[in-house]
Amino acid sequence: MTQISYGLFSELLLVRIHGRAEAYLEASSAERLALVAACRSEATVPDLAQRILSRTIYAQASSRIGPLRELLQNALDASPVGARIEVRSTEDGREISVIDQGRGMTRTELLTDLLVPFRSGKAGEVDAIGEHGIGFFSALEIAPWIEVVTATASGGHRLLVAPLGAGPRHEDFSWTLLPLPRPSPAPSAPAGDHAARPGRVPAPPRRPATGTSVRLSLAQPISRPALAAEIAAAAGLVDPAVARIYVDGALVNTARARVRRAAEVPLRLPPSGDICGALELFVGRGDGVEPQLTITQKGLTVATRVDPFPGPELGLHRELARTITAAGFGLVAELPLGVPLNKGRSAVAASASAAVEAALVAAFERFILRDALYDRELLRAVDHRLSSVLDRLVHAALLGESIMIASAQASDELDPLARTPTVAAPEQVIRFAGGLLDAPLFRSIVVDAGQRLPGAPPAPLGQLHWRGAALTLRELLQAHRAGVLRPLEGAPLLPSTQARSTARWPLGASSAAPEPAAGAPGARPGELVYLALDEPLALAFWRRLATEGAAAHHAQPAAAAPPRPPGAAPCPMPRTSRDVLLKTAAAVPGVRAAAAAMTVIERLDAAISESADLPTSPIWAHQDLYGPDEMAHTDGSGISVNLASARVRALLTAVLLRDDAVAFTALTDLLLHEKTHVSLASYVPRPMAEHGTSFYRRKDWMRRRLLAAIASGAVVDPIRWLAVARRGLVSSALPAPEELSRAFQAAAAAA
């Protein structure tokens, strides 16, 4: 006689709450009814079990991906390494089956672990992900009817789950448990009887050897392409060596082969501070690797971020991450199994979030400093985007700004409080800029022709001594100031180990050296540095130096303003329009160049406004009106550019001098940033319109709209207006801030 067990989910939970689960499972049908009645009579809240079930089932997943991920997680935890997991669907899309070849579940495990929330049979298993015991319940939200067929080495069972009451939300769920017969050889079908006969009753499910099959009867059908996409989003990064996941016969977890490990950081969890494992950062691109940050655990997606570093104190991290994702690369952060997740597996538990964020920042810094800046494929893909980000570091160093920030390479302690706090202001070199300046990025040749006096003939070619070195940005800037930096159009033929050596050129060393040649303070006579220009960063660096030199040696230069040293007195000038600027300071050399630059900015603002369906903004100019660190300022109605900002002056000079795509891209990003503030100020309260996730999402949206409008021809590429702005312009040098300030002060006194 076939033994059949049945009951309600609420009954299993109720007897568990009252400590009578074992007696319930061993009792007969009549005894179970009496046991449940006794528990209800003792309960303070009669429907407590139903309330817990409702909140457990309908408060976990915000989409269908969540329940599918939970079922795949259960299959991964139960399966041996390298097993095959299959997801099958019917043609009408109303049924989905998740099939694994794992160890299966016994009758006790089904009734005490699977069907009772907040109880998991995986406790103590090192390689298991699940820990809350509620993953199976999330599937009931999308599939109220579920069939589970499972088999162990000792026996097999078939579990049927059905809803009670009108829903969703359903009041309760019933369960029916039937034993499965042992597997037997399939009888051979007679010839011509391969197809099922009309009206024939299908045979009951055959017991598998070992493993579990979960069949979902969906409330809403799903197409096969949509199912494959959702399974790939949930488990596409699972390592095929751990498990191969198939959807309707097609392997979906192929993305792991397209990423490589880029950094690894030990992760300490509070409050003990013990290391629970290592956070691994992967990078790659291709099918299945989205250009974003994906946080995973055992390959299963936990969360995704379009903006990996939303905090204002991580401005440089954010811009570097954007350059990488904009080139199509994706970042994957794999969490160790010891990191706890929330009940819906959609985020890290609050107790561990700070430690995970600190480890993620440290892993990204290691990736940039030790990997990305030496990866030619990645550098050539990001091209000018990464160069424009590092451009601010070049200019800050050219101005001699002090960079007293410890390198991120020494942040193994992962203590967020030990990090130097910074402000996300454009003129600040933030967080790990010191590490970027001191990273050996540039392949160079150092030539030592021997000591010779000024005016002496050069040494014969055979007496030249040279060596290859990987120099830092700081060392190249020292060579540039000493006047001994030269371009090398072809890369030196050096072994890779020599090209990546950490040898340093001791410029400015405090040793007994001859007097330096005139005009080259701090440099040794006879030493020359040749920089290979065959990589994007080196080319961008040399272009930056050439722009600085060309701006200072224009054919008919105006009175150019030397860069102001840090801490110099401000040169205030009120906010003014282009016409007022020309009228008030017409006699100041360089004012027409400033007016031409404002014309370029107006055309750029018009293109952004037209592509984003926004009104154009008035463009003004000021000097130190809102503080010396402001590149530009937005008050919600217009955009004002600080002509005393060294960063703005360098950008505008490079744009007016030639069609510099790098400088124009940086200027466009500046206008996009300020235009985002303008668009948010109309409906976001002022304190909320600062740098946050919503701000940068809108900025990225406006950037995509601008690029799409230019590509489709709806908006004329604003770089074409540069030729118009240069008409009649004899110099690209901007007016000196001190002279502009005096001109406006004199006009105010006269008025």
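Note that residues are indexed from 1 along each chain, following the sequence as it is written. With the structure being a predicted model, the display of local features is reserved for residues of pLDDT at least 70 and the display and counting of side-chain atom pairs for 80 or more, all residues being used for whole-chain, interface and lining totals. Excluding hydrogens and water, the side-chain figures rest on all heavy atoms present in the structure.

**Looking at the overall build of the protein**
How we decide: Put simply, DSSP marks the helices as runs of H or I at least four residues long and the strands as runs of E at least two long, and each gets a number from the N terminus on. Residue exposure (1.4 Å probe, protein chains only): buried if accessible area is under 20% of the type maximum, exposed if over 50%, otherwise partly exposed. Any two residues having at least one pair of non-hydrogen atoms within 4.5 Å are treated as being in contact. Note on areas: Shrake-Rupley with a 1.4 Å probe; residue coverage comes only from the protein chains shown.
Helix and strand content of the protein: 23 helices and 22 strands. Taken over 751 residues, the protein has a buried fraction of 49%. Within the protein, counting contacts between residues at least 6 apart in sequence, those at least 24 apart form 71% of the total. In the structure as shown, the protein presents an accessible area of about 34800 Å², 56% of it carried by carbon and sulfur atoms.

**Concerning the confidence of the model for the protein**
To keep things clear, this is the line we draw: You can read pLDDT as the predictor saying how much it trusts each residue, on a scale of 0 to 100.
Chain-level pLDDT for the protein is 75 on average; 70% of the residues reach the 70-or-more range. Mean pLDDT across the secondary structure elements of the protein bottoms out at helix H15 (residues 496-499), with 36, and peaks at strand S14 (residues 330-335), with 96. Low pLDDT, under 50, characterises residues 189-199; the stretch is placed with one contact to residues that sit more than four places away or in other chains. Every residue in residues 490-523 is under pLDDT 50, and counting partners more than four places away or in other chains gives 57 contacts.

**What to know about unusual backbone geometry**
Residue Pro270 is joined to Pro271 through a cis peptide bond whose omega torsion reads -5°. Assignment of secondary structure puts Pro271 in the loop between strand S10 (259-269) and strand S11 (274-284).

**Quick word on a nonpolar patch on the surface**
Basically, it comes down to this: Patch definition: residues above 30% relative accessible area lacking any salt bridge, with like charges linked at up to 9 Å and the nonpolar side chains Val, Leu, Ile, Met, Phe, Trp and Tyr linked at up to 5 Å. What makes a salt bridge here is a side-chain nitrogen of Lys or Arg within 4 Å of a carboxyl oxygen of Asp or Glu, nothing more.
A surface patch of nonpolar side chains, about 210 Å² in accessible area, is lined by Ile17, Val45 and Leu48. Its place among the elements puts Ile17 in helix H1 (residues 9-17).

**Topic: the packing of aromatic side chains**
Worth spelling out the cut-off: Two aromatic rings, drawn from Phe, Tyr or Trp (for Trp, its six-membered ring), form a pair once their centres lie within 6.5 Å of each other, and the interplanar angle then sorts them: stacked below 30 degrees, edge-to-face above 60, tilted otherwise. Whether a charge lies above a ring is judged from NZ of Lys or CZ of Arg, which has to be within 6 Å of the ring centre and within 35 degrees of the ring normal.
For the structure on display, the rule yields three aromatic pairs. Pairing Phe309 with Phe364 gives two aromatic rings, centres 4.9 Å apart and planes at 55°, and the pair type is tilted. Of this pair, Phe309 sits in the loop between strand S13 (300-305) and helix H9 (315-326) while Phe364 sits in helix H10 (residues 350-370), and the two are 55 residues apart along the sequence. The pair Phe309 / Phe364 is uniform in exposure class, with both members buried. Cluster of aromatic residues (ring-pair linked, three or more members): Phe309, Phe364 and Phe367. Above the plane of the ring of Phe282 lies Arg256, whose end atom (NZ or CZ) is 4.6 Å from the centre.

**Concerning the pattern of salt bridges**
The tally for this structure, following the rule as stated, stands at 20 salt bridges. We note a salt bridge from Lys675 to Asp605, for which the minimum N-O separation is 3.0 Å. One end of the pair, Lys675, is in helix H20 (residues 661-681); the other, Asp605, is in helix H18 (residues 591-612), with 70 residues separating them in the sequence. Residue Lys675 is classed as buried on the basis of its relative accessible area of 1%.

**Overview of the packing of H1 against helix H3 (residues 29-42)**
The condition is simple: Working convention: axes come from line fits to C-alpha atoms, limited for helices to the stretch in contact. Angles between N-to-C directions cover 0 to 180 degrees. The hand of a helix crossing depends on one turn: near helix anticlockwise from the far one by less than a right angle means left-handed, and clockwise means right-handed. Put simply, Ala, Val, Leu, Ile, Met, Phe, Trp, Tyr, Cys and Pro go in the nonpolar bin, Asp, Glu, Lys and Arg in the charged bin, and everything else, Gly too, in the polar bin.
In the contact formed by H1 and H3, the axes pass within 10 Å of each other and the chain directions differ by 65°. As H1 runs across H3, the sense of the crossing is left-handed. Contacts between H1 and H3 involve Ser10, Glu11, Leu14 and Val15 from the former and Val36, Cys39 and Arg40 from the latter. Class assignment for the residues of the contact of H1 with H3 results in four nonpolar, one polar and two charged.

**Regarding the sheet that holds strand S20 (residues 619-623)**
The condition that has to hold: A pair of strands counts as paired when DSSP detects no fewer than two bridges linking them.
Spatially, four strands are ordered S19-S20-S22-S21 in an open sheet, and the strand pairing comes out mixed. Edge positions in the sheet fall to strand S19 (573-576) and strand S21 (632-634), since each of these pairs with one other strand and no more. Taken pair by pair, the neighbouring strands of this sheet meet at an average axis angle of 20°, ignoring direction. Strand direction decides the pairing type here: S21 and strand S22 (residues 639-642), joined by three bridges, are antiparallel. Within S22, the residue paired with Thr634 across the bridge is Ile639. Lying on the sheet, helix H23 (residues 737-750) is in contact with S19 and S20; it crosses S19 at an angle near 80°.

**As for the nonpolar core**
Formally: In these notes, a set of buried Ala, Val, Leu, Ile, Met, Phe, Trp, Tyr and Cys residues joined through side-chain atoms within 4.5 Å is what counts as a nonpolar core.
Ranked by size, the top nonpolar core spans 64 residues in total, and within it Phe364, Phe367, Ile368, Phe442 and Phe541 carry the most contacts. Looking at this core, the element that brings in the most residues is H10, giving 12 residues. In this structure Phe442 touches Ala469, Ala470, Leu471, Thr472, Leu473, Leu476, Leu531, Leu537, Ala538 and Phe541, once residues within four positions along its chain are discounted. Core analysis: the second largest hydrophobic core is formed by 52 residues, Cys39, Val214, Val247 and Leu300 among them.

**What to know about the sheet that holds strand S16 (residues 465-472)**
With mixed pairing, the four strands of this open sheet are ordered in space as S16-S15-S18-S17. A strand with exactly one partner marks an edge of an open sheet, and here the two such strands are S16 and strand S17 (485-488). Each adjacent strand pair in this sheet contributes to an overall mean axis angle of 35°, direction not counted. Inspection of the sheet shows S17 paired to strand S18 (residues 527-532) by four bridges, in the parallel sense. The partner of Leu488 across the bridge, within S18, is Ala532.

**Notes on the environment of Ser213**
Turning to its location among the elements, Ser213 is positioned in strand S7 (residues 211-217). Residue class for Ser213 comes out partly exposed when judged on its relative accessible area of 22%. Along the primary structure Ser213 and Thr150 are separated by 63 residues, whereas in three dimensions their C-alpha atoms are 6.3 Å apart. Not counting residues within four places of it along the chain, the set of residues in contact with Ser213 comprises Val98, Ile99, Glu147, Val148 and Val149.

**Comments concerning H23**
What counts is decided by this rule: What a helix is expected to span follows from its residue count: subtract one and scale by 1.5 Å. Here, the arc refers to the directions that run from the helix axis to the C-beta atoms.
For H23, which comprises 14 residues, the first-to-last C-alpha distance of 20 Å matches the rise-based estimate of 20 Å (1.5 Å per residue) to within 8%. All of the buried residues along H23 are Pro737, Leu740, Ser741, Ala743 and Phe744. Relative to the axis of H23, the buried residues are bounded by an arc of 160° and lie together on one face. Residues of H23 that are exposed and point more than 90 degrees away from the buried face comprise Arg742, Ala749 and Ala750.

**What about the side chain of Gln623?**
Applied cut-off: N or O atoms within 3.5 Å of each other form a polar contact, as long as, within protein, one can give a hydrogen and the other can take it, and as long as residues adjacent in sequence are counted only when both atoms are side-chain atoms.
Locating Gln623 in the fold gives a position in strand S20. Looking at Gln623, its side chain comes within polar contact range of the main-chain oxygen of Cys571, at 3.0 Å. Looking at Gln623, its side chain comes within polar contact range of the main-chain oxygen of Pro737, at 3.0 Å. Those residues within four positions of Gln623 in sequence are excluded, and the remaining contacts are Cys571, Pro572, Met573, Asn642, Leu643, Ala644, Pro737, Leu740 and Ser741.

**Quick notes on the pairing of S13**
Bridge count for strand S12 (residues 293-297) against S13 is five bridges, and the pairing is antiparallel. Among the inter-strand pairings, Thr296 is bridged to a residue of S13, identified as Thr301. Between the antiparallel neighbours S12 and S13 lie two residues, among them Lys298 with a positive phi of about 55°.

**So, the packing of H18 against helix H19 (residues 646-657)**
This is how the line gets drawn: An angle below 35 degrees is treated as roughly parallel, one above 145 as roughly antiparallel, one from 65 to 115 as roughly perpendicular, and anything else as oblique.
Where H18 meets H19, the axes come as close as 10 Å, and the angle between the chain directions of the two elements is 90°. As the angle between them shows, H18 and H19 are arranged roughly perpendicular. Facing Ala593, Ala596, Ala597, Val600 and Ile601 of H18, the residues of H19 in contact are Leu652, Val655 and Leu656.

**Describing helix H14 (residues 473-482)**
Along H14, the positions that sit buried rather than exposed are Leu473, Glu475, Leu476, Leu477, Ala479 and Ala482. At the exit of H14 stands Gly483, carrying a positive phi of roughly 75°.

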